[in-house]
Amino acid sequence: MKKIVAFLLFINISVIAQNKKFNSEVILETKLSCRAILVDDEKVWMGMDKGRYGFYDKKKDTTIIKEIQSVARTTEFRSIAGTKEAIFILAVGNPAMLIRIDKKTLEETVVYKEEHEKVFYDSMQFVDNLNGFAMGDPIENCLAFIKTNDGGKTWQKVNCDVLPKVSEGEAAFATSNTNLTIKGKSIFMVSGGKKSRVFVSKDFGATWKVYETPIAQGETMTGIFTADFYNEKLGIIAGGNYEKQDQNWANKAITKNGGKTWKLIAEKEAFGYASCVQFVPNSNGKKLISVGGTGMFYSGNFGKNWTKFSDDKDFFTFRFESEKVFYATGRNKLVRFEIE
């Protein structure tokens, strides 16, 4: 494994925060929880707790944190996605509020609202500048699924009649905005809880197939917490048991056939509970990084073996800027990592 270097990007967050670079860990004066991150050419965008979102401006080297005016301060934004013109953040709980933020003006618009005692959205992705999807826990007998085809201006909820049925106690975990992955025309959704499965559509959600996985399941806080696909065939799922975070078996698996079958990897080795796993870009699917309750890990051989490069357990999610740079966030910090 090549050396990985971290730079802390901000300290002392209030409504507006300025950033400085540090090469040592810093505890922020104002706490934050961030499980949704998006990296574009100019900024690193974050969906946060307390009804907030923020961004790190790479060119200006500053970080801004703002409060969304149309939501309660108890609101958590755990899903984030973007188009060329706008960023979208989606609240997890009731009411589910989907906010469009204009990239240039930062104007905020509520583009979707759903009220129900069971509503809980977990993940959101855009395919291109027009088509986007979001998924969440079941209200009826299917995973919640909404879509847009006009760049996020309007959203429609898909009827359960055209979606796979879920089992009792099967839902999803909003840990890192990685329950939903889109590659080509294929959509992959993952579940956890009493059942832990992969839902696959090869036609943008018109038809679906559901596949079993060997990931730990059967209890409320077990199952797949995160997934990533390098292409339409090669994918990884991870998670485990949130209540037994050192359990490092039945918690990570690879598919090479688009989710039809899964093979457990690194059994009783490497990390335990994982909140986010991602393929390194331009690595042919060979390189992977994971964060979670036992630290940060790197694999250079398709997940067969892993090396810990940080003991820090406070990262929930991360995204790559390139094959050399990624940004990680979670509890009280945003960090830029360079893979040397």
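Let us look at the structure shown here. In this text, all values refer to a predicted model and were calculated from it rather than measured experimentally. Every chain begins its residue count from 1, and numbering advances along the sequence as written. pLDDT decides what is reported in this predicted model: residues at 70 or higher carry local features, side-chain atom pairs at 80 or more are listed and counted, and totals for whole chains, interfaces and linings draw on all residues regardless. Computation of side-chain values: all heavy atoms of the structure, hydrogens and water removed.

**Some points on the state of the cysteines**
So, step 1. Put simply, a disulfide is two cysteine sulfurs that come within 2.5 Å. One pass over the structure, following the stated rule, counts one disulfide.
So, step 2. Bridging Cys142 to Cys160, the disulfide has an S-S length of 1.9 Å. Judged by the torsion about the S-S bond (-75°), the Cys142/Cys160 disulfide is left-handed. Here the residue Cys142 occupies a position in the loop between β12 (132–136) and β13 (144–148), and Cys160 occupies one in the loop between β14 (156–157) and β15 (170–171), the gap between them amounting to 18 residues.
So, step 3. A simple rule labels every residue: compare its accessible area, found with a 1.4 Å probe on the protein chains alone, to the largest value its type can have, and call it buried under 20%, exposed over 50%, or partly exposed in between. Taking the relative accessible area as the measure of exposure, Cys142 reaches 3% and is therefore buried. For the purposes of this entry, the term helix denotes a DSSP run of H or I that reaches at least four residues, the term strand denotes a run of E that reaches at least two, and both are numbered from the N terminus.

**Re the pairing of strand β27 (residues 295–299)**
So, step 1. Within β27, five of the five residues are buried, leaving the element largely enclosed by the surrounding structure.
So, step 2. Examined bridge by bridge, strand β26 (residues 288–292) and β27 share five bridges and lie antiparallel to one another. Bridge pairing in β27 places Val291 opposite Met296.
So, step 3. A strand pair is defined by DSSP finding two or more bridges across the two strands. Pairing analysis gives three bridges linking β27 to strand β28 (residues 307–310), with the strands arranged antiparallel. Paired with Met296 across the bridge in β28 is Ser310.

**A few points about the pattern of salt bridges**
So, step 1. Salt bridges are defined as contacts in which a side-chain nitrogen from Lys or Arg sits within 4 Å of a carboxyl oxygen from Asp or Glu. For the coordinates displayed, the defined rule picks out 15 salt bridges.
So, step 2. The salt bridge partner of Glu85 is Arg100, with a shortest N-O separation of 3.8 Å. On the criterion of sequence distance, the pair formed by Glu85 in the loop between β7 (77–82) and β8 (86–91) and Arg100 in strand β9 (residues 96–102) is long-range, its members being 15 residues apart.
So, step 3. Each member of the salt-bridge network shares a partner with another, and the members are Glu42, Lys43 and Asp57.

**Notes on the pairing of strand β19 (residues 197–201)**
So, step 1. Most of β19 is tucked away: five of the five residues are buried.
So, step 2. Taking every second residue as pointing to the same face, both faces of β19 are buried, with Arg197, Phe199 and Ser201 on one and Val198 and Val200 on the other.
So, step 3. By the bridge criterion, four bridges tie strand β17 (residues 186–190) to β19 in an arrangement that is antiparallel. Of the residues in β19, the one forming a bridge with Phe188 is Val200.
So, step 4. Pairing geometry for β19 and strand β20 (residues 209–212), over four bridges, is antiparallel. Paired with Val200 across the bridge in β20 is Lys209.

**Some thoughts on the packing of aromatic side chains**
So, step 1. Any pair of Phe, Tyr and Trp rings, taking the six-membered ring for Trp, is counted once the centres come within 6.5 Å. Such a pair is stacked with planes under 30 degrees apart, edge-to-face with planes over 60 apart, and tilted for the rest. The tally for this structure, following the rule as stated, stands at 23 aromatic pairs.
So, step 2. Taking the centre distance of 5.8 Å and the plane angle of 70° together, the rings of Phe315 and Phe337 count as edge-to-face. With Phe315 in strand β29 (residues 315–320) and Phe337 in strand β31 (residues 334–339), this pair connects stretches of sequence that are 22 residues apart. Summarising the burial analysis for this pair, Phe315 and Phe337 share the class buried.
So, step 3. With centroids separated by 4.7 Å and ring planes inclined at 5°, the aromatic side chains of Phe326 and Phe337 adopt a geometry described as stacked. Of this pair, Phe326 sits in strand β30 (residues 325–330) while Phe337 sits in strand β31, and the two are 11 residues apart along the sequence.
So, step 4. Judged by relative accessible area, which is 0%, Phe326 ranks as buried.
So, step 5. Cluster of aromatic residues (ring-pair linked, three or more members): Phe309, Phe315, Phe318, Phe320, Phe326 and Phe337.
So, step 6. In this scheme, Lys NZ or Arg CZ marks a charge over a ring once it lies within 6 Å of the ring centre and within 35 degrees of the ring normal. Its guanidinium or amino end placed over the ring of Phe316, Arg35 lies 3.9 Å from that ring's centre, counting from NZ or CZ.
So, step 7. Sitting over the ring of Phe271, Lys252 keeps its end group 4.9 Å from the ring centre.

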